[in-house]
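Analysis of the macromolecular model
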Amino acid sequence: MSEKTYYNPADLGKFGKVTDWQETLGKKFFDYYGEVFKEGALTAREKALIALAVSHALQCPYCIDAYTKSTLAKGCEEEELMEAVHVAVAIRGGSSLVHGVQMMNKADEMLM
Amino acid sequence: MKLTKSLKARDHELANIERQLGILSDAEAVGIQPFEAKMAGIGLEPLTSRQLEIFQVNVGKMCNQVCQHCHVDAGPDRKEIMTRETMQLCLDAIRGTTIKTVDLTGGAPEMNPDFRWFVEELSALGMHIIVRCNLTIIVANKKYHDLPEFFKKHKVEVVSSLPYFSARRTDAQRGDGVFERSIRALAMLNEVGYGMEGSGLILNLVYNPSGAFLPEGQEVLEPQFKKKLRDKFNIEFNSLLAITNLPISRFLDYLVNTGKYEDYMQELVNAFNPVAAENVMCRNTLSVGWDGYLFDCDFNQMLNLPLEGDAPSHIRDFDMPKLYGRNIILNQHCYGCTAGAGSSCGGEVA
């Protein structure tokens, strides 16, 4: 890819290299990360769908690539992937909209 | 793009095996460690064969489907099929040996005119017979409609590809309408008892990813397949076998064409699992080509990588002791069998 962009898909594969500059904290993070995504009270499949939704809420291209692949590999259907994205959209939209109540409160306070 | 012809019929550059091997052999170009060196790192080089248990016979490249990922480059235009004489050589070879399982593959093995004769002869020898049935062949023509009954008669284990429980991904990989026809065929197999509890008739499905990614664990996918196929289509089966797509022939073409080859190889290397490497299927399997030549596995067969050294090259020279402990021929495609939980014709190995 000759075009310069802030995001390079190949950088995802270098994620582990963050430990080169701070090994202790980096290692703790990756150990924790690995634990989080193991089967637990939630299945690894459910966790991958949550991660996909959060990836969209954060608009992280690396995470979107990683968890699209992860959810497909875990057998999720296309509809499930898109529903997860809509959950993120609903929360993002709802979190803006619910502030409308604050706006209404403020307006009520200001107006006669 | 839907395929209608094999690479060979299209005179495609990757129909040339030397070209495929040229791509696969150049580990440096992809920035990966050569497979042999990787195996040496865990003390598995040379990789040697063990007691032969599975005798896999590719009875021909003819097929009614033209799947995007086919490592055989099979299709209706492929005319290479095993003769009855070569089948007889196979029967002569295994008679009286410790081999108990014969795995029939293709192409669509059922399209070989001597397929039923071969199965009957194998059955008479008391072999456990596996047929890699693509399902759609059962409904392709009236003459195949009784295959479920025929399989049942000889207690054949049926292993069938179904890459997903919906039409979109299945048809994208295997051709338009394949999912709907596969479901009809599965219903016919269920009807005679295949996949049904207590019948003793085994129907296993094969999952392989519809794209350039690795399969997740069978234990994750199998319950989903069982539930979806039961709820939506009233289909039952025994086990789901997860198989990794190997970068050979049409899947290699797909990877190269879509610019995914390097990433896919890197992913396979990153997922290298020493336990899977220890248990690769080539250690207890012998692969026989349609023309009787012998190989370590069906993939090496398609890459025309013959057995090494003193091992017999053709089924007419079959010799069990000479096959034992032979060095298995390796190349970068072998990373496909050692990734993650491993991959074999029987699914995961680790």
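These lines cover the structure that appears in this document, whether it is placed above or below.

Cut-offs applied
Residues numbered from 1 in each chain as written. Chains lettered and ligands numbered in written order. Predicted model: local features only at pLDDT ≥ 70, side-chain atom pairs only at ≥ 80, totals over all residues. Helix = DSSP H or I, 4+ residues; strand = E, 2+ residues; numbered from the N terminus. Expected span 1.5 Å × (residues − 1). Buried ≥ 20, exposed ≤ 12 C-beta atoms within 10 Å, placed from the backbone. Contact = placed C-beta atoms within 7 Å. Nonpolar A, V, L, I, M, F, W, Y, C, P; charged D, E, K, R; others polar. Pairing = 2+ DSSP bridges. Axes fitted to C-alpha atoms, helices over the stretch in contact; angles between N-to-C directions. Parallel < 35°, antiparallel > 145°, perpendicular 65-115°, else oblique. Left-handed = near helix turned anticlockwise from the far one by under 90°. Arc of directions from axis to C-beta. Right-handed = clockwise from strand over helix to strand, strands pointing away.

1. As for helix 9 (residues 178–191) of chain B
All names here are of chain B. Over its 14 residues, helix 9 extends 20 Å from the first C-alpha to the last, a length consistent with the 20 Å expected when each residue adds 1.5 Å. Where helix 9 is concerned, the buried positions are V178, F179, R181, S182, I183, A185, L186, L189 and N190. Packed against the buried residues of helix 9 are helix 6 (136–140), helix 7 (147–153), strand 4 (157–161), helix 8 (167–174), strand 5 (203–207) and helix 10 (218–233). Where helix 9 ends, the next residue or the one after it, G193, has phi of about 115 degrees, a positive value.

2. A word on the interface of chain B and chain A
How big an interface is tends to be reported as the loss of accessible area on association of its parts. Facing the nine residues of chain B at the interface are eight residues of chain A. Across the side of chain B that touches chain A, the residue classes break down as six nonpolar, two polar and one charged.

3. Topic: the sheet that holds strand 1 (residues 54–58) of chain B
All names here are of chain B. Ordered in space as 6-5-4-3-2-1-7-8, the eight strands form an open sheet in which the pairing is mixed. Lying at the two open borders of the sheet, with one neighbouring strand each, are strand 6 (240–242) and strand 8 (294–295). Two elements, strand 4 and strand 5, share four bridges in a ladder whose sense is parallel. Looking at strand 5, one finds that S160 is bridged to L205. Each of strand 5 and strand 6 touches helix 10; the most contacted strand, strand 6, lies at about 140 degrees to it.

4. Looking at the packing of helix 2 (residues 44–58) of chain A against helix 4 (residues 78–97) of chain A
Residue and element names in this part refer to chain A. Contact pair helix 2 / helix 4: the axes reach a minimum separation of 8 Å and the direction vectors enclose 45 degrees. On the basis of the axis angle, helix 2 is oblique to helix 4. The element helix 2 and its partner helix 4 pack so that their crossing is right-handed. Judged by residue contacts, L49, L52, A53, V54, H56 and A57 of helix 2 engage E80, L81, A84, V85, V87, A88, I91 and R92 from helix 4. The class makeup of the residues in the contact of helix 2 with helix 4 is eleven nonpolar, one polar and two charged.

5. A few points about helix 2 of chain A
Helix length check: helix 2 of chain A, at 15 residues, gives a terminal C-alpha distance of 20 Å against a target of 21 Å (1.5 Å per residue), a fit within 8%. Listed in full, the buried residues belonging to helix 2 of chain A are R45, A48, L49, L52, A53 and S55 of chain A. With its buried residues spanning 155 degrees around the axis, helix 2 of chain A presents them on a single face. The elements touched by buried residues of helix 2 of chain A are helix 3 (61–73) and helix 4 of chain A together with helix 10 of chain B.

6. So, the pairing of strand 2 (residues 101–105) of chain B
Two faces, one strand: in a regular strand the side chains alternate between the faces of the sheet. Residue and element names in this part refer to chain B. In terms of burial, strand 2 is largely enclosed, as four of its five residues are buried. In this structure, strand 1 lies alongside strand 2, joined through five bridges in parallel fashion. Paired with N58 across the two strands is T105, which belongs to strand 2. Crossover connection from strand 1 via helix 4 (residues 84–94) to parallel strand 2: handedness right-handed. Two strands pair when backbone bridges link them, and strand 2 and strand 3 (residues 128–132) are joined in this way by four bridges, in the parallel orientation. If you follow T101 over to strand 3, its bridge partner there is H128. Crossover connection from strand 2 via helix 5 (residues 115–124) to parallel strand 3: handedness right-handed.

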